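Each chain, written out:
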Amino acid sequence: MAINVQWDNPEQTTVMVVFHRPWTWRDFDSAVERMLSLFNTVNYRVDVIFDIRDGGFPPPDAITHFKEVSEIDHPNGGLLVFVAPKVLVQFINGLIRIMNFTFAGSGTFKTPKFIFTKSPEEAHSYLLTHHTVKAS
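Calculation notes
Residues numbered from 1 in each chain as written. Predicted model: local features only at pLDDT ≥ 70, side-chain atom pairs only at ≥ 80, totals over all residues. Heavy atoms only, no water. Axes fitted to C-alpha atoms, helices over the stretch in contact; angles between N-to-C directions. Helix = DSSP H or I, 4+ residues; strand = E, 2+ residues; numbered from the N terminus. Parallel < 35°, antiparallel > 145°, perpendicular 65-115°, else oblique. Contact = heavy atoms within 4.5 Å. Nonpolar A, V, L, I, M, F, W, Y, C, P; charged D, E, K, R; others polar. Patch = residues over 30% accessible without salt bridge, like charges linked within 9 Å, V, L, I, M, F, W, Y side chains within 5 Å. Areas by Shrake-Rupley, 256 points an atom, 1.4 Å probe, with all protein chains shown as cover. Salt bridge = Lys/Arg side-chain N within 4 Å of Asp/Glu carboxyl O. Lys, Arg positive; Asp, Glu negative; His and termini not counted. Charge placed at Lys NZ, Arg CZ, Asp CG, Glu CD. Buried < 20%, exposed > 50% of the residue type's maximum accessible area, 1.4 Å probe, protein only. Pairing = 2+ DSSP bridges. Phe/Tyr/Trp six-rings, centres within 6.5 Å; stacked < 30°, edge-to-face > 60°.

Visitor: Break down the packing of helix α2 (residues 62-70) against helix α3 (residues 86-102) for me, with residues and values.
Guide: Closest axis-to-axis distance for the α2/α3 pair is 11 Å, and the angle between their directions is 80 degrees. By the angle between their axes, α2 is roughly perpendicular relative to α3. Facing A62, I63, F66 and K67 of α2, the residues of α3 in contact are L95, I98 and M99. A per-class count over the contact of α2 with α3 returns 6 nonpolar, no polar and 1 charged.

Take a look at the structure:
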């Protein structure tokens, strides 16, 4: 599978999403559905690590797809951490600037809050210090 989605730990507090090229928007939509289905199995907030180091650049029409996904507001959605090389970080930040400009007046785009790290270990370390607390 081009995009793997699974629990990252036995406590089910973090989902790991790993991209492998080539991937398609169909793969992406399936991965989002899988991630949301994992969110639905618990009653607390879940953090997500997106490992896009092997994902390459997205297929055409990225703005439309990323805007749709940025509008998902699942009650169990927690922190978003990307493991990415510098070139993809620059691409994503550029894409967000374009989306902010394009949808500025419409109020339909809310800038996602996520963190970039260089490795899965750095992502895990970040989540340990900023983890989402389970509901009782």
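Right, picking up where we left off after that structure.
Visitor: Kindly report on a negative patch on the surface, identifying the contributing residues and their values.
Guide: Negative charge collects at one region of the surface, where D29, E33, D61 and E68 lie side by side. By secondary structure assignment, the location of E33 is in helix α1 (residues 25-39). For E33, a relative accessible area of 57% puts it in the exposed group.

Visitor: Can you tell me about the pairing of strand β4 (residues 77-83), naming the residues and giving the values?
Guide: Bridge analysis of strand β3 (residues 46-54) against β4 gives 5 bridges, and the strand direction is parallel. What sits directly across from I49, in β4, is V81. For β4 and strand β5 (residues 114-117), the ladder comprises 4 bridges, and the chain directions are parallel. Looking at β5, one finds that V81 is bridged to I115.

Visitor: Lay out the packing of aromatic side chains in plain terms, naming residues and giving numbers.
Guide: On inspection of all chains with the given rule, the structure shows 10 aromatic pairs. Residues F82 and F116 carry aromatic rings whose centres are separated by 5.8 Å and whose planes lie at 45 degrees to one another, so their mutual orientation is tilted. Residue F82 is located in strand β4, and its partner F116 is located in strand β5; the two are separated by 34 residues in the primary sequence. F82 gets classed as buried once you look at its relative accessible area, which sits at 13%. Owing to a relative accessible area of 22%, F116 belongs among the partly exposed residues under this scheme. Taken together, F19, W23, W25, F28 and F66 form an aromatic cluster joined through their ring pairs.

Visitor: Provide a residue-level description of the sheet that holds strand β1 (residues 3-7), including the pertinent values.
Guide: Read from one edge to the other, the open sheet built from 5 strands follows the order β1-β2-β3-β4-β5, with strand pairing classed as mixed. Each having just a single partner strand, β1 and β5 make up the two edges of the open sheet. Within this sheet the neighbouring strands show an average axis-to-axis angle of 20 degrees, counted without direction. In the sheet, β1 pairs with strand β2 (residues 14-20) via 5 bridges, with the strands oriented antiparallel. Bridging from a neighbouring strand, W7 pairs with V15 of β2. Against the sheet, α1 engages β1, β2, β3 and β4, with an angle of about 5 degrees to β1. Each of β2, β3, β4 and β5 touches helix α4 (residues 120-130); the most contacted strand, β4, lies at about 150 degrees to it.

Visitor: Go over the packing of α1 against α2, please, and point to the residues and values.
Guide: Two elements in contact, α1 and α2, have axes whose closest approach is 12 Å; the angle formed by their N-to-C orientations is 5 degrees. Looking at the two axes, α1 sits roughly parallel to α2. Counting all contacts with α1, which are made through W25, F28, D29 and V32, the residues of α2 involved are A62, H65, F66 and V69.

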